Amino acid sequence: MNKMLNKTILFLLVITVFSCKTESNSSAKTSNDTPFDAKVDSLMNLMTLQEKIGQTVMYSGSGTITGPTVNTNFRTYIKEANVGAMLNVYSTKATRDLQKLAVEETRLGIPLLFGYDVIHGFKTIFPINLGLAASWDLEDIEKGSRIAAEEASAVGIHWTFAPMVDISRDPRWGRISEGAGEDVYLGSEIAKAYVKGFQGDDLSKTNTILACAKHFVGYGAAQAGRDYHTVNMGMDELRNVYLPPFEAAVDAGVETFMTAFNELNGVPATANKFLYRDILRDEWGFNGFVVTDYTAINELVEHGFAENEKHATELAIKAGIDQDMMSSANRLYLEELVNEGKVDEALINDACRRILLAKFKLGLFDDPYRYIDEQREKDVIYKPEFLEAARKSAAMCSVLLKNNDKTLPLDKNQTIALIGPLVKDKENILGNWGAAGDRTGKAISVYEGVQEYLADSKVAFAKGCEIEGDDTSGFTKAINAAKTADKVVMVMGEDYDMSGEAASRTNIKLPGKQTDLIKAIRKAVPKKQIVLVLMNGRPLDLSEEDTLADAILETWFPGTSGGYGVADVLFGAYNPSAKLPVTFPRTLGQVPIYYNMKNTGRPIPDHDPHEDYKSHYLDAPNTPLYPFGHGLSYTTFEYSDVELSSETIGFSDTLTATATITNTGDYDGYEIAQLYVHDKVGSITRPVKELKGFQKIFLKKGESKTVSFKLTAKDLEFYNLEEFRVEPGEFEIAIKGTSDFDFEHSFTLE
Ligand code: BGC
């Protein structure tokens, strides 16, 4: 009772002495002076060292398991003021229960922060992130993350561990599904859109949540595509490819960062001073807080970088890491390390200060329960307009990879055979990191989507086979279904947990007997058009399928309203506009393969791809099956009249590049126009092509529009191993609808 009273008095003291209403925060990057500094100071003056360390500790509740099983007495630790944040607690009941423990049963009653992986939706699940990137629609991505924040915040979640802004060029790596693909520019723009969507413009609003840029850095470059594996990369790649999306997130005001599991050039990210102190804090001026990935401090021992967990704790805090997710390291060793003089208490003060600041920004000291709102939960979860937005996203993210002889869109007057293990699926369709999404019935299957367009009597269904396994007993029924219908639509792909964390593959073909089933049907109905609808979390090797199917629609895992969105595309209610954010190889042997590669000293000549002593393969071309930026429409677009405002620009000038785009086909539709440049000579070599801008435009059939891009010297900057610089010289430039083209125009910077 006495303890409770003390706590209340202290809490009120902090709040009233420095009473100023929670107000709109500035971004983490620019928040050197915040309206909350005095409050944080006053609170910290009351805190013991142990209580400050408590703020730097995070534990997982018993909801979703997102890492190795670690049993913790988190309830006890919360009551002892040894916990600052929880993850994987995501119902109003559970968040309220634990918040009560922190607020009512600790001396100072400091509220907990609740974090969760709200990656592509909370309840209403949007397409997986690689799919979202395929929309190239920043507004839609921002809107989707705004919706995710609306839903998650209502149950008491204050913080999402997203966006994952790791560039990846390796389809073996299962987490390629969580990112925006292979490109620096697209990835950076998308990173900003997510941050804006989650955080909104005012963190004190109860429907906005903290975002987290992860995993800093290089995680997507794991050797051999194996998750958690070693990363070695030079400064060119690190500075020019892997770091920019993180800097973009900082520019957008991201409040938190998460460390990566991997080592980078011999130093594990979670103990990497160069990354956190030199780059993140000193160079980029980031003032938010950094959380480790799950048990990453303890893992410094397995990495062979720390002698034991205590040593690991010392290394992590010294490197600039503020919060420990699931290692128990800070809780067990930090105080001892301070007492032994090995860790300066100032480091703990810094970490605690940053974490408390985030709590003040969220308004948790005004009311620790303000996000936990059963009524709001009822109102917002699966709101019809959210489900509708998810449907649109699913359509906007579906990439039409191939469409021979106008196989698509489907004709409502024809009959179809719907075949494949994913036709009626309501589980995998959410993809990995499905958060609190319902995999047992809420999602709309492709079958249900098709039912909106075709009466059941016009659809013959057969599963044919499972996603994995050798069972071919369903082939006959599938073949018979194909024989009865005008067209065949096969819905196939991966299981949702074949991508995501710890889900790398050494084989990126369609699993199980699926390709054999397509072959069997092709053989049985050689003249019928076959549409392959794919759900998968990575670029697949589709070389065989490309020869078997007349049309291929890549829908990734399209989410809760996925079946509707996919059917909208299949029947032409939405004319596909998505473009690949990542290259699809012809064979795994080409990996890593990406459009913005370097030329080498022996590039293969166009006129003879097999010329000896050139950089090529003996058994496959260098070119991908489907390049970055590729994506068809039901209409066709023609690019013409490319014009540059000048052939020469100075360092302070702006170049305007324009092109006319004409819809030359039979449907209205969106086109994503892409601006590429090539810096022909540099003090370090430059990629053969680099995306520098894009625009999504709508054109009615027959209509023409002019797109215009502005380019300044700053856009041509790169890191040359010593510094960021822009170098004079000749640059090639193009505006196209894919990355697969030859340059025809150039300008000079002088
Ligand atoms: C993942 C993170 C995730 C964390 C918390 C880890 O295993 O690497 O991306 O945010 O778990 O669930």
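What you see is a predicted model; the values in this text were computed from it and never measured.

*Asks:* I would appreciate a short explanation of the environment of Gly179 in the present structure.
*Replies:* Assignment of secondary structure puts Gly179 in the loop between strand E4 (159–160) and helix H8 (184–199). When neighbours within four sequence positions are excluded, Gly179 is seen to be in contact with Asn129, Leu130, Met164 and Asp166.

*Asks:* I tried to follow the packing of helix H7 (residues 138–154) against H8 on my own but got confused; where do I start?
*Replies:* Each pair of packed helices can be summarised by the angle the axes make with each other and by the distance between the axes. Their axes nearest at 7 Å, the elements H7 and H8 cross at an angle of 35°. With respect to the hand of their crossing, H7 and H8 are arranged in right-handed fashion. Here H7 contributes Leu138, Ile141, Glu142, Ser145, Arg146, Ala148 and Ala149 to the contact with H8, which in turn contributes Glu189, Ile190, Ala193, Tyr194, Lys196, Gly197 and Phe198. Here the contact of H7 with H8 is composed, by residue class, of 8 nonpolar, 2 polar and 4 charged.

*Asks:* Help me understand the packing of aromatic side chains, please; the structure alone is not making it clear to me.
*Replies:* One pair of aromatic rings is described through two measures. These are the centre distance and the angle between the planes. Within the structure shown, the criterion is met by 33 aromatic pairs. Here Phe246 and Phe257 contribute two aromatic rings whose centre-to-centre distance is 5.8 Å and whose plane-to-plane angle is 45°, an arrangement assigned as tilted. With Phe246 in helix H10 (residues 244–251) and Phe257 in strand E6 (residues 256–259), this pair connects stretches of sequence that are 11 residues apart. Both rings, one in Tyr447 and one in Phe461, keep their centres 5.9 Å apart while their planes meet at 75°; by these two values the pair is edge-to-face. Taken together, the residues span a long stretch of sequence, with Tyr447 in helix H18 (residues 446–451) and Phe461 in strand E13 (residues 459–462) at a distance of 14 residues. A relative accessible area of 14% means that Tyr447 is categorised as buried. The exposure class of Phe461 is partly exposed, given its relative accessible area of 24%. A connected cluster of aromatic rings, assembled from ring pairs, spans Trp136, Tyr185, Tyr595, Phe628, Tyr676, Phe694, Phe741 and Phe743. Over the face of the ring belonging to Phe718 we find Arg686, whose NZ or CZ atom lies 4.0 Å from the ring centre.

*Asks:* Please clarify how the nonpolar core should be interpreted in this entry.
*Replies:* Among soluble globular proteins, nonpolar side chains are generally buried collectively. Counting residues in each nonpolar core, the largest one holds 196 residues, and the members touching the most others are Phe216, Phe257, Ile419 and Ile521. For this core, the element with the most residues is H8, which contributes 8 residues. Among the domains, domain 1 (396–590) and domain 2 (637–749) are the pair contributing at least three residues each to this core. When neighbours within four sequence positions are excluded, Ile521 is seen to be in contact with Ile419, Ala478, Ile479, Ala482, Val488, Met490 and Ile530.

*Asks:* How do you make sense of the sheet that holds strand E15 (residues 530–535) when you look at a structure like this?
*Replies:* Whether parallel or antiparallel, the strands of a sheet pair through hydrogen bonds between backbone atoms. Spatially, 6 strands are ordered E11-E16-E15-E14-E12-E13 in an open sheet, and the strand pairing comes out mixed. Only two strands of the sheet have a single neighbouring strand rather than two, namely strand E11 (399–403) and E13. Mean inter-strand twist for the sheet, computed between neighbouring axes without regard to direction, equals 15°. Pairing analysis gives 4 bridges linking E11 to strand E16 (residues 551–554), with the strands arranged antiparallel. Residue pairing in the sheet places Leu400 in a bridge with Leu553 of E16.

*Asks:* Where do I start with the environment of Leu387 in this structure?
*Replies:* Take Leu387: it is sitting in helix H17 (residues 384–397). Sequence spacing of Leu387 and Gln50 is 337 residues, and the spatial spacing of their C-alpha atoms is 45 Å. Not counting residues within four places of it along the chain, the set of residues in contact with Leu387 comprises Thr124, Tyr382, Lys442, Thr560 and Ser561.

*Asks:* I'm lost on H17 in this one. Help?
*Replies:* An α-helix turns once per 3.6 residues; consequently, residues spaced three or four apart project the same way. Between its terminal C-alpha atoms H17 stretches 20 Å, which fits the 20 Å expected from 14 residues at 1.5 Å a residue. Every buried residue of H17 is listed here: Phe386, Ala389, Ala390, Arg391, Ser393, Ala394, Ala395, Met396 and Cys397.

*Asks:* Sorry, what's going on with the pattern of salt bridges here?
*Replies:* Any two side chains of opposite charge can pair, on the condition that their charged atoms come close. With the rule as written, the count across this model stands at 45 salt bridges. Ionic pairing is found between Lys192 and Glu189, a salt bridge with its closest N-O pair at 3.2 Å. Highlighted residues: Lys192 and Glu189, both in helix H8, separated by 3 residues, approximately one helical turn. The partly exposed category is assigned to Lys192, whose relative accessible area is 26%. Residue Glu189 is classed as buried on the basis of its relative accessible area of 19%. Between Asp516 and Lys513 there is a salt bridge, with its nearest N and O atoms 3.6 Å apart.

*Asks:* Sorry if this is basic, but what is going on with the domain arrangement of the protein here?
*Replies:* Reports often express the size of an interface as the amount of accessible area lost when the parts come together. The assigned domain composition of the protein is domain 1 (396–590) and domain 2 (637–749). Taken together, the 7 residues of domain 1 in the interface contact 10 residues of domain 2. Taken together, both faces of the contact between domain 1 and domain 2 bury some 650 Å²; the carbon and sulfur share is 49%. Contact with domain 2 buries surface across domain 1, with Asn575, Ser577 and Lys579 losing the most and accounting together for 64% of the total. The interface formed by domain 1 and domain 2 holds 2 salt bridges in total.

*Asks:* Mind showing me how you'd approach the sheet that holds strand E18 (residues 648–649) here?
*Replies:* Read from one edge to the other, the open sheet built from 5 strands follows the order E18-E26-E25-E20-E21, with strand pairing classed as mixed. Of all the strands in the sheet, just E18 and strand E21 (690–699) have a single pairing partner and so form its edges. Summarising the sheet, strand E20 (residues 669–679) and strand E25 (residues 729–736) pair through 6 bridges and their orientation is antiparallel. Across the sheet, Val677 pairs through a bridge with Ile733, a residue of E25.

*Asks:* Where do I start with the site of the ligand in this structure?
*Replies:* Near the ligand you find 13 residues, and of these Thr66, Asp117, Arg175, His215 and Asp293 are the closest. Residue Arg175 places a side-chain N or O atom 2.7 Å away from an oxygen atom belonging to the ligand. In the environment of the ligand, an oxygen atom lies 2.7 Å from a nitrogen or oxygen atom belonging to the side chain of His215. For the ligand, whose accessible area on its own is 310 Å², the fraction buried by protein is 100%. Counted by class, the shell around the ligand contains 6 nonpolar, 2 polar and 5 charged residues.

*Asks:* Mind showing me how you'd approach the pairing of E6 here?
*Replies:* Consecutive side chains along a regular strand alternate between the two faces of the sheet. Burial along E6 is two-sided: the face carrying Thr256 and Met258 and the face carrying Phe257 and Thr259 are both buried. Bridge count between strand E5 (residues 212–216) and E6: 3 bridges; the pairing is parallel. Its bridge partner lying in E6, Cys212 is registered against Thr256.

Cut-offs applied
- Residues numbered from 1 in each chain as written.
- Predicted model: local features only at pLDDT ≥ 70, side-chain atom pairs only at ≥ 80, totals over all residues.
- Heavy atoms only, no water.
- Helix = DSSP H or I, 4+ residues; strand = E, 2+ residues; numbered from the N terminus.
- Contact = heavy atoms within 4.5 Å.
- Axes fitted to C-alpha atoms, helices over the stretch in contact; angles between N-to-C directions.
- Left-handed = near helix turned anticlockwise from the far one by under 90°.
- Nonpolar A, V, L, I, M, F, W, Y, C, P; charged D, E, K, R; others polar.
- Phe/Tyr/Trp six-rings, centres within 6.5 Å; stacked < 30°, edge-to-face > 60°.
- Buried < 20%, exposed > 50% of the residue type's maximum accessible area, 1.4 Å probe, protein only.
- Lys NZ or Arg CZ within 6 Å of the ring centre and 35° of its normal.
- Core = buried A, V, L, I, M, F, W, Y, C linked by side-chain atoms within 4.5 Å.
- Domains from an automatic or database assignment.
- Pairing = 2+ DSSP bridges.
- Expected span 1.5 Å × (residues − 1).
- Salt bridge = Lys/Arg side-chain N within 4 Å of Asp/Glu carboxyl O.
- Buried area = accessible area lost by both parts, 1.4 Å probe.
- Near = heavy atom within 4 Å.
- Polar contact = N/O pair within 3.5 Å; in protein donor to acceptor, adjacent residues only side chain to side chain.
- Areas by Shrake-Rupley, 256 points an atom, 1.4 Å probe, with all protein chains shown as cover.

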